[in-house]
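Structural characterization, general
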Amino acid sequence: MAALVIAEHDHKSLKSPLLNTITAALMLGRPVSVLVAGKEASGAAQEAASVGGVSEVLYADDAAYDGFLAENMAALIAKLAPSYSHILAPATSFGKNILPRAAGLCGCAQISDIIGIESEDTFVRPIYAGNAIATVKSTDKIKFITVRSTAFDKATRNGKCSVKKIEEVEDSGLSRFIAAQKTQTNRPDLTVAAIIVSGGRGLESAEKFKTIIEPLADKLGAAIGASRAAVDAGYISNDCQIGQTGKVVAPNLYIAIGLSGAIQHLAGMKDSKTIVAVNKDPDAPIFAVADYGIVGDLFEIVPELTKAI
Amino acid sequence: MKILVTVKRVIDYNVNIRVKTDNSGVETANVKMAMNPFDENAVEEAVRLKEKGVATEIVVTTIDAPVAQETLRAALALGCDRAILVSSEKDVQPLGVVGALKKIVEKETPELIIMGKQAIDQEGGQVGGLLAAQLGWAQGAAVSKIEISGDKAKVIRETDEGQETLELKLPAVITADLRLNAPRFASLPNIMKAKKKPIEVIPIAEMGGDVCPTIQILKVTPPPMRKRGVVVPDVATLVNKLKNEAKAI
Ligand SMILES: Cc1cc2nc3c(=O)[nH]c(=O)nc-3n(C[C@H](O)[C@H](O)[C@H](O)COP(=O)(O)OP(=O)(O)OC[C@H]3O[C@@H](n4cnc5c(N)ncnc54)[C@H](O)[C@@H]3O)c2cc1C
Ligand SMILES: Nc1ncnc2c1ncn2[C@@H]1O[C@H](COP(=O)(O)O)[C@@H](O)[C@H]1O
């Protein structure tokens with residue numbers, strides 16, 4: 001039996017965590033199909049067909065899938081599910097919304113946020129905000145899995161498979177998509193950025209966050225991240241939050257500025273290759289995971305750093 | 001309308017987690033326990049809806065060992081009206097929790113269920129979605145705003161791109177994000193009053209039992225440790241190290 005990957009896309013093109021999810025699916029050693037459900041999403045479907053290793057793309061085109069409502073998406077997945085041994089989605093806000101519901105419809109539990117695959121039924125996943133790593137074996141008839149993208153490489157776009165149109169339309173009428181409020185930015189996406197400059201409560205205000213963090217990020221071509229305290233204080237929008245309840249990232253370089261390094265923040269960034277911390281408190285927990293630290297006032301250090309690189 | 005709120009007793013989020021040396025799990029003996037933070041948001045929202053006159057009764061439930069009565073008591077002190085403990089000496093897995101919750105829903109017929117978006121121990125983030133699916137109800141996951149009008153709920157969900165607004169038909173299952181509200185602390189008089197509020201205890205065997213667990217934990221290990229790095233004296237040294245040692249810029 002094949003594995004089915006649920007595509008996260010914006011109708012025109014694929015979202016990058018999907019490529020990591022496809023890699024995880026390919027590691028199961030089975031044919032991999034990708035489901036692209038959307039409205040006029042042939043762009044995304046064509047792109048999925050060009051991902052190396054993918055055997056087949058299923059494309060469902062209907063207004064019912066426009067806002068990726070969990071009720072409709074899960075019903076569609078549940079209908080296809082009996083033909084598959086594994087169903088995978090990225091562990092993003094998209095996958096976390098849809099996949100548990102699909103699993104529930106099939107009477108299965110979900111294996112959430114996997115970071116490793118030991119065999120076709122045994123998976124590795126972090127628990128307790130990454131303070132413990134569990135190896136779990138599932139006896140569910142279909143394995144529903146969300147995949148942590150930072151733990152798997154991106155699949156390459158060197159394939160060519162067929163796109164099969166499927167006619168199933170699942171419109172539950174239980175919910176209605178009203179609007180998305182998307183934060184506009186010209187910066188690289190947090191999930192793909194090689195460098196992330198991240199700020200915390202120590203930035204003191206939205207204005208200072210902007211004048212201190214942005215120039216450094218501009219100079220490095222970096223994405224901007226934040227602690228929950230910074231987001232809650234309104235220094236920056238919620239899509240920038242990194243951690244247990246935000247995004248999980250693992251860039252080449254993570255620069256943590258004026259954030260203490262609470263367990264819940266570390267859960268989202270401690271797999272970064274190189275970590276730099278700027279904090280006035282030498283005992284801040286962020287220094288325990290930082291490769292390079294500078295103890296001092298960020299309002300002096302960061303502008304100096306921006307100038308020096 | 002009647003609201004059902006679910007809570008889970010977990011290791012307090014401030015506690016440093018220690019993995020047991022035999023790799024069977026994490027140390028829970030003599031460790032501070034607390035209500036799952038997202039469930040505090042769920043309780044708070046239910047209480048606010050009651051204060052606004054939208055909700056008429058709040059039933060809180062947990063599926064756990066009898067010690068979890070303390071967590072239910074805490075929820076009663078925050079404003080829930082009554083509690084149901086589905087008691088089980090064994091750990092109950094998500095599908096078992098959902099099985100018991102379905103029975104409670106049959107019995108209590110709530111119009112809204114508010115839960116946490118994830119439990120900070122096992123971090124499944126799935127019970128809400130599983131339950132909504134099995135009830136055939138609408139769902140709002142990771143919600144930061146709820147507005148009830150008539151037989152609809154308008155919710156704002158936190159997403160990776162920002163937010164999105166959905167309209168859900170009631171009855172519905174909503175899971176709380178931390179940004180849903182700022183939970184209150186229980187006042188002393190309310191803690192005293194909560195002692196008199198009823199907690200019904202039902203053995204899990206009477207609730208369909210723990211439907212055959214499908215997930216087996218083979219081992220639990222500590223995460224790989226990062227090596228503590230160095231503190232550098234100045235920006236020039238940092239830039240030099242980033243360029244020549246880490247080759248990160
Ligand atoms: C269930 C749960 C989930 C959570 N999820 C997340 C999550 O996903 N992400 C997250 O980040 N948090 C999360 N949190 C919150 C987390 O526990 C911390 O409260 C939060 O990360 C703290 O943010 P901070 O480091 O910016 O603030 P603080 O802890 O207040 O740290 C501010 C730091 O700035 C330093 N500082 C201040 N002024 C200066 C200056 N002038 N120069 C240099 N340094 C300065 C201080 O020394 C201090 O170390 C969660 C909490 C819970 C309960
Ligand atoms: N044993 C349980 N008893 C009651 N509620 C639970 C239980 N387990 C999980 N929940 C609820 O489901 C939410 C999500 O949990 P999970 O899917 O395990 O991450 C939690 O925030 C709780 O509200």
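A few points on the structure. (Residues numbered from 1 in each chain as written. Chains lettered and ligands numbered in written order. Predicted model: local features only at pLDDT ≥ 70, side-chain atom pairs only at ≥ 80, totals over all residues. Heavy atoms only, no water.)

**Topic: the state of the cysteines**
The bond known as a disulfide is covalent and runs between the sulfur atoms of two cysteines. Applying the stated criterion across every chain, the model contains zero disulfides over all chains. Free of any disulfide, C108(A) has its nearest neighbouring cysteine sulfur in C106(A), separated by 5.8 Å. (Disulfide = S-S within 2.5 Å.)

**A short note on the site of ligand 2**
Residues and elements named next belong to chain B. Residues in close proximity to ligand 2 total 17 residues, the closest being T6, D39, A119, G125 and Q126. N36 has a polar side-chain atom sitting 3.0 Å from an oxygen atom of ligand 2. In the model, an oxygen atom of ligand 2 is placed 2.7 Å from a nitrogen or oxygen of the A119 main chain. Here ligand 2 loses 97% of its free accessible area of 480 Å² to cover by the protein chains. Of all the elements in the fold, those that place two or more residues in the shell around ligand 2 are β4 (57–64) and β6 (112–116). The dominant element in the shell around ligand 2, judged by the number of residues it contributes, is β4, at three residues. For the shell around ligand 2, the residue count by class is six nonpolar, nine polar and two charged. (Near = heavy atom within 4 Å. Polar contact = N/O pair within 3.5 Å; in protein donor to acceptor, adjacent residues only side chain to side chain. Areas by Shrake-Rupley, 256 points an atom, 1.4 Å probe, with all protein chains shown as cover. Helix = DSSP H or I, 4+ residues; strand = E, 2+ residues; numbered from the N terminus. Nonpolar A, V, L, I, M, F, W, Y, C, P; charged D, E, K, R; others polar.)

**Focus on the environment of S93(A)**
On the secondary structure map, S93(A) appears in helix α4 (residues 93–105). On the accessibility criterion, S93(A) (13% relative accessible area) is buried. Residues S93(A) and K247(A), 154 residues apart in the sequence, show an inter-C-alpha distance of 9.1 Å. Once residues within four sequence positions are removed from consideration, S93(A) is found in contact with R157(B), E158(B), T159(B) and D160(B). A polar side-chain atom of S93(A) sits 2.9 Å from the main-chain amide nitrogen of D160(B). (Buried < 20%, exposed > 50% of the residue type's maximum accessible area, 1.4 Å probe, protein only. Contact = heavy atoms within 4.5 Å.)

**Re the site of ligand 1**
Every one of the 30 residues lining ligand 1 counts as a neighbour, but R201(A), S227(A), T245(A), S260(A) and N279(A) are closest to it. Surrounding ligand 1 is a set of residues that belongs to chains A and B. Backbone polar atom of Q244(A) to an oxygen atom of ligand 1: 3.1 Å apart, as the coordinates give it. The separation between an oxygen atom of ligand 1 and a polar main-chain atom of G258(A) is 3.0 Å. When isolated, ligand 1 has an accessible area of 980 Å², and the protein chains bury 85% of it. Classifying every residue of the shell around ligand 1 gives 11 nonpolar, 14 polar and five charged.

**Here we look at unusual backbone geometry**
Following L170(B), the chain continues into P171(B) via a peptide bond in cis, with omega recorded as 0°. Within the secondary structure layout, P171(B) lies in the loop between β9 (162–169) and β10 (172–176). In this structure, A129(A) takes a positive phi of about 50° despite not being glycine. With relative accessibility at 9%, the residue A129(A) sits in the buried group. A positive phi angle, near 75°, is found at E204(A), a position not held by glycine. Along the polypeptide, E204(A) turns up in the loop between β12 (195–199) and α5 (206–220).

By themselves these figures say nothing about function.
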